[in-house]
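Read off the chains here:
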Amino acid sequence: MSTEPEARGLDAINPVMRQAWYIVATSGEVRGKPLPRRIHDKPLVVWRDGEGKARVFLDRCPHRNVPLSEGAVDGGGLRCGYHGWRFDGTGACVEIPALEGTPDAPARRATALPVVEQQGFVWVWTAPEVEPTCQPFRFACADDPRYTVVRKALRARGSLHATIENALDVPHTAFLHGGLFRRSDTPRKPIRCVIQRWHDRAECHFHGESAPTGLAARLLAPGGGELTHVDRFWLPSITEVEYSMGDDTHLVLNGACTPVTPWETIVFAVVSIRSPMPGWMVRPVVEPIALRIFDQDAVILAQQTDLLHTFGEARFASTEIDVLGAHILRMMRRVERGEHAEPSDQPETEKEVTMWL
């Protein structure tokens, strides 16, 4: 029997989940001008109507197929820059300057997508032909006044799955991020990892883990203390890394990952911190460290992407300590195929492995 890792075409490792909520922009980005965006390689335009409500259309004028993002927000609507057709927030055509009579008709409407704006982000439901089946994800600690919250939009040259797996992959942190979060030269001990998967999420609880020895942990929790660590994933693309250290340090790192193209992902990161340090000191400590860690991840994801394209196929050899990646890919493929498991409070699978950290 061959021991070679399974080879897959590049399409096989890029599940496309179109019927889902994704962040398309931060609230602060959507100002006076139409904002061009792209999700699953589909052009979108984000803008605000006369009442300040965020709107998202397919970035295509129904008249002559030019980008609406090259137009302007005018009179509370979005006006195409080619012939001046103007659309209200629902996509209805409300003005054709050279036409006498009623401008609106089904074929003349822009395609509007469902939008929810919350917690400083604009979320879009990317299947205009299907009514949303749920509400967008809410970041649990982002509205809590006890927490200092840092928000960043970061771009990675990697597939959606690779970017998500990287965010929830523990073993690489001692090497790629050595000294910033963990160290590769410290004595290791066995950690019991309990992995569970439900119909819409997966998580791993790490038991017996020592507090990280890197710079970030020393600054945020100088007193040390017992560590609680849980990594989580929610469909379609939400990651969460949660640490509690001692009685008064709680760190939650969320990433809402938006697939711009099959090989480019924007991570809308939300880092929520409760620490003995005063809030005004936390941000200047956390931001540069977090950005340095993400830069290192972005470099390795780009290198992975380049090699996948060079070889034209994917070969992955996994072990039991790649705790969440395979579960996440299985869930993503199921959604891509249109299969929906029955909701249940009981996990579909549960497994324990030992990891040396």
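Up top is the structure.
Being a predicted model, the structure only gives us computed values, none of them experimental. Numbers given for residues are sequential positions, taken from 1 along each chain in its written order. Local features in a predicted model are, by the rule used here, given only for residues with pLDDT of at least 70; side-chain atom pairs are given and counted only at 80 or more, and totals for whole chains, interfaces and linings are based on all residues. Side-chain measures were taken over the full set of non-hydrogen atoms in the model, leaving aside hydrogen atoms and water.

**A few points about the pairing of strand 17 (residues 238-245)**
And step 1. The rule is simple: take the accessible area with a 1.4 Å probe, protein chains only, and divide by the maximum for that residue type; under 20% is buried, over 50% is exposed, in between is partly exposed. Secondary structure elements are defined from DSSP: runs of H or I of at least 4 residues count as helices, runs of E of at least 2 residues count as strands, and each element is numbered from the N terminus. With 7 of 8 residues buried, strand 17 is to be regarded as a mostly interior element.
And step 2. Where strand 16 (residues 227-234) meets strand 17, 8 bridges bridge the pair, whose relative direction is antiparallel. Paired with His229 across the bridge in strand 17 is Tyr243.
And step 3. Linking two consecutive strands that pair antiparallel, namely strand 16 and strand 17, is a turn of 3 residues.
And step 4. When DSSP finds at least two bridges between two strands, those strands are taken to pair. Sheet topology note: the strand 17/strand 18 (residues 249-261) ladder contains 8 bridges and is antiparallel. By the bridge assignment for strand 18, Ser244 is matched with His250.

**Notes on the packing of aromatic side chains**
And step 1. Pairing of aromatic rings covers Phe, Tyr and Trp, the last through its six-membered ring, and needs centres within 6.5 Å; plane angles under 30 degrees mean stacked, over 60 mean edge-to-face, and all others mean tilted. Summed over all chains, the structure comprises 8 aromatic pairs.
And step 2. Relative to Phe87, the ring of Trp85 has its centre 6.5 Å away and its plane inclined at 50°; by these criteria the two rings are tilted. Like Trp85, the residue Phe87 is buried in the burial classification.
And step 3. The interplanar angle of 70° and the centroid separation of 5.5 Å between the aromatic rings of Phe137 and Phe139 together place this pair among those described as edge-to-face.
And step 4. In this structure Phe137 comes out as buried when scored by relative accessible area, which is 18%.
And step 5. Joined through ring pairs, the aromatic side chains of Phe121, Trp123, Phe137, Phe139, Trp234 and Phe268 make up one cluster.
And step 6. Comment: the charge-over-ring label is applied if NZ (Lys) or CZ (Arg) is within 6 Å of the ring centre and within 35 degrees of the ring normal. In this structure, Arg201 is placed above the aromatic ring of Trp198, and the distance from its NZ or CZ to the ring centre is 3.9 Å.

**As for the sheet that holds strand 18**
Whenever strands of a sheet pair, they do so through backbone hydrogen bonds, lying parallel or antiparallel.
And step 1. Reading across the sheet, the 8 strands line up as 13-19-18-17-16-15-14-21 and stay open at both edges, with antiparallel pairing between neighbours. Every interior strand has two partners, whereas the edge strands, strand 13 (148-156) and strand 21 (349-356), have only one. Taking the axes of each pair of neighbouring strands and ignoring which way they run, one obtains an average angle of 15° across the sheet.
And step 2. Bridging between strand 14 (residues 190-197) and strand 15 (residues 201-207) involves 6 bridges; their strand directions are antiparallel. If you follow Ile195 over to strand 15, its bridge partner there is Cys204. Only the stretch in contact is used when fitting a helix axis, every axis being a line fitted to C-alpha atoms; angles between N-to-C directions are given from 0 to 180 degrees.

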